[in-house]
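Tertiary structure, described
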Amino acid sequence: MVRPYTITRGRTAPERDDLTLITVLTTAEDEAEAALARGSRAGARGLQPEHRLILDRCRRPAAVAEVAAGLDLPVSVTKILLADLVAQGLLKARAPLAVARAAGGVDLGLLTAVREGLRRL
């Protein structure tokens with residue numbers, strides 16, 4: 001229990017409240033590489049090993065739940081770390097719907113079929 005307290009600097013809630021389990025995260029490549037090259041310093045705050053793991057994991061889009069599972073940390077602790085990285089500009093957070101639209105849009109036919117299938121149940 002000491003390590004989560006240490007890496008969050010005693011905080012129990014993230015500064016951002018918009019990070020859900022399905023929020024999609026991606027590393028801001030240029031900023032992250034620059035921060036790692038500066039000797040793990042991002043502004044006045046140093047990067048913890050967990051921050052480095054998050055940046056590495058999020059080179060490909062990943063949901064908050066996936067990142068938490070990969071770190072083997074509680075979601076609440078992971079959200080604090082993620083919010084730190086987003087605030088420092090090292091990580092980008094997007095709602096899952098925005099990602100779906102960027103990939104070609106929402107398939108309304110599929111959603112209608114799912115809705116009708118659920119109604120039949």
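Because the structure is a prediction, the values reported are computed rather than measured. Along each chain, residues carry numbers from 1 onward, in the same order as the chain's sequence is written. It should be noted that, the model being predicted, local features are given only for residues of pLDDT at least 70 and side-chain atom pairs only at 80 or more, the latter also being counted only at that level, while totals for whole chains, interfaces and linings use all residues. Heavy atoms throughout the structure, all of them, feed into the side-chain values; hydrogens and water do not.

Here's the deal with the overall build of the protein chain
Selection criterion: Only DSSP runs of H or I with at least four residues qualify as helices, and only runs of E with at least two residues qualify as strands; both kinds are numbered from the N terminus onward. Using a 1.4 Å probe on the protein chains alone, a residue whose accessible area is under 20% of its type maximum counts as buried, one over 50% counts as exposed, and one in between counts as partly exposed. Whether two residues touch is decided by their heavy atoms; if any such pair falls within 4.5 Å, the residues are in contact. Accessibility throughout is a Shrake-Rupley quantity obtained with a 1.4 Å probe, and a residue counts as covered only by protein chains that appear here.
The helix and strand inventory of the protein chain stands at seven helices and five strands. Taking all 121 residues of the protein chain together, the buried fraction comes to 31%. In the protein chain, of all internal contacts separated by at least 6 residues, the share reaching a separation of at least 24 is 76%. Carbon and sulfur atoms provide 58% of the accessible area of the protein chain, an area that totals close to 7,500 Å².

Thoughts on the environment of leucine 91
With respect to the helices and strands, the residue leucine 91 is situated in strand S5 (residues 91-94). Classification of leucine 91 as buried rests on a relative accessible area of 3%. Separated by 60 residues in sequence, leucine 91 and glutamate 31 place their C-alpha atoms 8.6 Å apart. The contacts of leucine 91, once residues within four sequence positions are left out, are Leu25, Thr26, Thr27, Ala28, Ile54, Leu55, Cys58, Leu82, Leu85 and Val86.

Some thoughts on the side chain of threonine 23
The topology assignment puts threonine 23 in the loop between helix H1 (2-7) and strand S1 (24-27). In this structure threonine 23 comes out as buried when scored by relative accessible area, which is 6%.

A look at the sheet that holds strand S4 (residues 62-63)
Quick note on the threshold: A strand pair is defined by DSSP finding two or more bridges across the two strands.
Ordered in space as S4-S1-S5, the three strands form an open sheet in which the pairing is antiparallel. Across the chains shown, the open sheet's two edge strands, defined by having one partner strand only, are S4 and S5. Sheet topology places S1 next to S4; two bridges connect them, and they run antiparallel. Looking at the pairing, valine 24 lines up with alanine 63 of S4.

Details of the nonpolar core
As a reminder of what qualifies: For this analysis, a nonpolar core means a set of buried residues of the types Ala, Val, Leu, Ile, Met, Phe, Trp, Tyr and Cys, connected via side-chain atoms within 4.5 Å.
Leu25, Ile54, Val67, Leu82, Leu85 and Leu91 are the most contacted members of the largest nonpolar core, which has 19 residues in total. Residue assignment for this core shows that the elements contributing at least two residues are helix H3 (49-57), helix H4 (64-71) and helix H5 (75-87). Tallying contributions element by element places H5 first for this core, with six residues. Every residue in contact with valine 67, bar those within four places of it in the chain, is listed here: Leu25, Ile54, Arg57, Cys58, Ala62, Thr78 and Leu82.

Quick look at H5
How we decide: Under the convention used throughout, the expected extent of a helix is 1.5 Å for every residue step, that is, one less than its residue count.
Taking 1.5 Å as the rise per residue, H5 with 13 residues should run 18 Å; its terminal C-alpha atoms sit 18 Å apart, in good agreement. All of the buried residues along H5 are Val77, Thr78, Ile80, Leu81, Leu82, Ala83, Asp84, Leu85 and Val86. Once H5 finishes, glycine 89 follows within two positions and takes phi at roughly 80 degrees, a positive value.

Notes on the pattern of salt bridges
Under the convention used in this document: Note on definitions: salt bridges are taken to be side-chain nitrogens of Lys or Arg within 4 Å of carboxyl oxygens of Asp or Glu.
The final tally for this structure, using the stated rule, is four salt bridges. Aspartate 56 is the partner of arginine 59 in a salt bridge, and the nearest nitrogen-oxygen pair spans 3.4 Å. Note that glutamate 66 and arginine 57 form a salt bridge whose closest N and O atoms lie 3.5 Å from each other. One network of salt bridges, with partners in common, ties together Arg115, Glu116 and Arg119.

Such coordinate-based values are descriptive only and should not be taken to indicate function.
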